Amino acid sequence: PLQVADRLWAHFEEKFAPYAQEALKQNIKWDTALKLASIVQREAAGREDMPIIAGALWNRLLQGMKLEVDATVQYARGKTSEGWWAPIKPVDKQIISPYNTYLNKGLPPHPISNPGTDAIDAVLNSTETKCLYYLHEESGTIHCAETYEQHLDNIDKYLR
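First, a word on what this report is: a plain description of the structure on this page.

What counts as what
Residues numbered from 1 in each chain as written. Predicted model: local features only at pLDDT ≥ 70, side-chain atom pairs only at ≥ 80, totals over all residues. Heavy atoms only, no water. Core = buried A, V, L, I, M, F, W, Y, C linked by side-chain atoms within 4.5 Å. Buried < 20%, exposed > 50% of the residue type's maximum accessible area, 1.4 Å probe, protein only. Helix = DSSP H or I, 4+ residues; strand = E, 2+ residues; numbered from the N terminus. Contact = heavy atoms within 4.5 Å. Salt bridge = Lys/Arg side-chain N within 4 Å of Asp/Glu carboxyl O.

Here we look at the nonpolar core
Burial of nonpolar side chains together is a common tendency in soluble globular proteins.
1) Next: Counting residues in each nonpolar core, the largest one holds 31 residues, and the members touching the most others are Val40, Ile53, Leu57 and Val123.
2) Next: Secondary structure elements with two or more residues in this core: α1 (2–25), α2 (30–43), α3 (50–62) and α5 (117–124).
3) Next: With seven residues, the top contributor of residues to this core is α3.
4) Next: The residues contacting Ile53, other than those within four sequence positions of it, are Val40, Glu43, Ala44, Tyr134, His136 and Ile142.

In structure tokens, the structure reads:
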């Protein structure tokens, strides 16, 4: 088991090495990049969405907002009878956990998933945007909003 863990760690370091230099250049701690990339990995409908989601999440962090990300609550809640990543319910947003970004500001204490290189790249090269909120309609298309009111309009338009 120790040899397997060592091989996994060596493979991770090999894959992350090019990103580590960029993170250092941008003055981003590697664990910050990995935590945020793990959220982007879970939140994105696909590779194309990752930079805009990363941009929105960076905006929230830099403005001192709570991230309020469903994927972190799913992680805190754990497996349900509907599966690990079953949609969250309003009551789930009250789960007391350091991973619950509806209750806690900032990033969770550790990554919530294994981020791929696309998610890491998106965090280091996020889309510059004024977007603070986003959602995916059923087809997977992402819709961004600069204000909470616009986000509520997007919810009515694309999810109801």
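From this point on, the discussion continues.
What to know about the pattern of salt bridges
1) Next: Counted by the stated rule, this structure contains six salt bridges.
2) Next: One salt bridge in this structure joins Lys35 and Asp31, with 3.9 Å as the shortest N-O distance. Highlighted residues: Lys35 and Asp31, both in helix α2, separated by four residues, approximately one helical turn.
3) Next: Assessed through its relative accessible area of 14%, Lys35 is described here as buried.
4) Next: In this structure, Asp92 engages Arg77 in a salt bridge whose closest nitrogen and oxygen atoms are separated by 3.1 Å.

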